[in-house]
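The lines below spell out each chain.
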Amino acid sequence: MKGLRRQYTDVLRDRTLRGDVASLLQHGLRWIGTALGPRRGRVLAGPALGTLLVTYRCDLRCRVCDLPARAAARRRAGDRELDTAELSAVLRDMKAIGTAGVGFTGGEPMLREDLFELLAYASRLGLHAHLNTDGFRVTERAEDLLATGVRSINVSLDGATAEEHDAARNRRGSFDTVLAALDALRTARGTRRTPHITAVTVLTSHNVHRAGEVVRTAVAAGADRVGVIPVHDFGQGETAPDEAAVRSALDDLARLHGEGLVDNSTGYLDLLPRAFRGEASPLFCYAPYASVVVDCYGDVYPCFPLMERKEPAGRIPLAPLWRSEEYAAVRRRLSSCTACLWNCHTEMNLVLPQGRLAPRAQVLGSAS
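The rules we used
Residues numbered from 1 in each chain as written. Predicted model: local features only at pLDDT ≥ 70, side-chain atom pairs only at ≥ 80, totals over all residues. Heavy atoms only, no water. Helix = DSSP H or I, 4+ residues; strand = E, 2+ residues; numbered from the N terminus. Buried < 20%, exposed > 50% of the residue type's maximum accessible area, 1.4 Å probe, protein only. Patch = residues over 30% accessible without salt bridge, like charges linked within 9 Å, V, L, I, M, F, W, Y side chains within 5 Å. Areas by Shrake-Rupley, 256 points an atom, 1.4 Å probe, with all protein chains shown as cover. Salt bridge = Lys/Arg side-chain N within 4 Å of Asp/Glu carboxyl O. Phe/Tyr/Trp six-rings, centres within 6.5 Å; stacked < 30°, edge-to-face > 60°. Lys NZ or Arg CZ within 6 Å of the ring centre and 35° of its normal. Contact = heavy atoms within 4.5 Å.

Colleague: Account for unusual backbone geometry, naming residues and giving values.
Modeller: The step from Gly 106 to Gly 107 runs through a cis peptide bond, and the omega angle for that step is 25°. Structurally, Gly 107 can be placed in the loop between strand S2 (101-105) and helix H5 (115-124). Between Thr 194 and the following residue, Pro 195, the backbone shows a cis peptide bond with an omega angle of 5°. Its place among the elements puts Pro 195 in the loop between helix H8 (174-189) and strand S5 (196-203). The phi torsion at Arg 137 lies on the positive side, around 65°, for a residue other than glycine. One non-glycine residue, Asn 170, lies in positive phi territory at about 55°. Inspection of the secondary structure assignment puts Asn 170 in the loop between helix H7 (162-169) and H8. Relative accessible area serves as the criterion here: at 48%, Asn 170 is assigned to the partly exposed category.

This is how it looks when you write it as structure tokens:
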């Protein structure tokens, strides 16, 4: 294992500084239960990471994302997003199954008028509340956002200049929105330790050669550090970046990691060339045991890539589904999946035992 993702060390450090021994013990027991689950063939612990996709709607039309189009299609089909009470019930179920933290994402979650209410409710339940945003409405509401008790915030930044970022996001002015949001969050936080502020960059053939500059731009604007994820092709027809550009980017990211400015573990950074070449993951994937994703229509997924593929494991209510035979069958089907190097799942795999559980085949989705 080559280090820990810094967002993981943040959680452990925060709990240690608060003297929260019970929570640290729960994290240890969850790690053991997750590690043993695949060997025993059944779930033994709650997921470390819950994701609540509160809307597919978005203010941007990014070149690598189809979620806004999916939202429009669901509206045309007569589907409606879960309301505040229904999403609150999902949060209670996440707590009931032993979830450690929940990431609120989209689409753009700030489009939900009840987002702050939901964040505050997650915090009151004792869940580590996390927000992913493109910066929309953050600047004018930074103080209110921090008052919810949110513990960490990711803000998307895909370029070191307005020209680069705005092209990726298909919206003029979106770069300025991100920089203003980062500055507003850092100012609102003041001398407090939390929330931790991370800029997140999707690396593509268009920006990988500028990865180091993106990190420097984000940190100068107010981010604590930057996390990267290689773009995954879910049908949008991504062009693989030049290998020399990837190697140069990794050299830059390694130096910046040494300065504490990169969120990813060095083990994850080492896997990026493989991801860009479209090669299978070399790791056993614990995602069906370590994570759960619930979207705004009540569909439940074992991992984010299966959400992208629109292949749910079932529907809410979550608590009975998590330990059901229906979900167990999905875990068995995915037991040798090596189809992605998605950051949140891969970083978790890197801190869990591998060895004799090493995967055998690429599996992702029912079409395999």
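What follows picks up the thread again.
Colleague: Give a detailed account of a nonpolar patch on the surface, specifying residues and quantitative values.
Modeller: On the surface, Leu 25, Leu 29, Trp 31, Ile 32 and Leu 36 cluster together into a nonpolar patch covering about 480 Å² of accessible area. Mapped onto the elements, Leu 29 comes out in helix H2 (residues 21-40). Take Leu 29: its relative accessible area is 53%, and that puts it in the exposed class.

Colleague: Run through the packing of aromatic side chains, naming residues and quoting values.
Modeller: According to the stated counting rule, one finds 4 aromatic pairs in the structure shown. Here Tyr 56 and Tyr 297 contribute two aromatic rings whose centre-to-centre distance is 5.7 Å and whose plane-to-plane angle is 35°, an arrangement assigned as tilted. Taken together, the residues Tyr 56 in the loop between strand S1 (49-53) and helix H3 (67-76) and Tyr 297 in the loop between strand S7 (291-295) and strand S8 (299-301) connect sequence positions 241 residues apart. Between the aromatic rings of Phe 284 and Tyr 286, the centroid separation amounts to 5.0 Å while the plane-to-plane angle is 80°, which identifies the pairing as edge-to-face. The exposure class assigned to Tyr 286 is buried, which follows from its relative accessible area of 0%. Of note, Arg 70 hangs over the ring of Tyr 56, and the distance from its end group to the ring centre comes to 5.2 Å. Here the basic side chain of Arg 74 rests over the ring of Tyr 297, its NZ or CZ set 3.9 Å away from the ring centre.

Colleague: Could you give me a rundown of helix H9 (residues 211-221), with the residues and numbers involved?
Modeller: When H9 is considered as a whole, its buried residues turn out to be Ala 211, Gly 212, Val 214, Val 215, Thr 217, Ala 218 and Ala 221. Packed against the buried residues of H9 are H8, S5, strand S6 (225-230) and helix H10 (243-258). Two residues or fewer after H9 comes Gly 222, characterised by a positive phi angle close to 135°.

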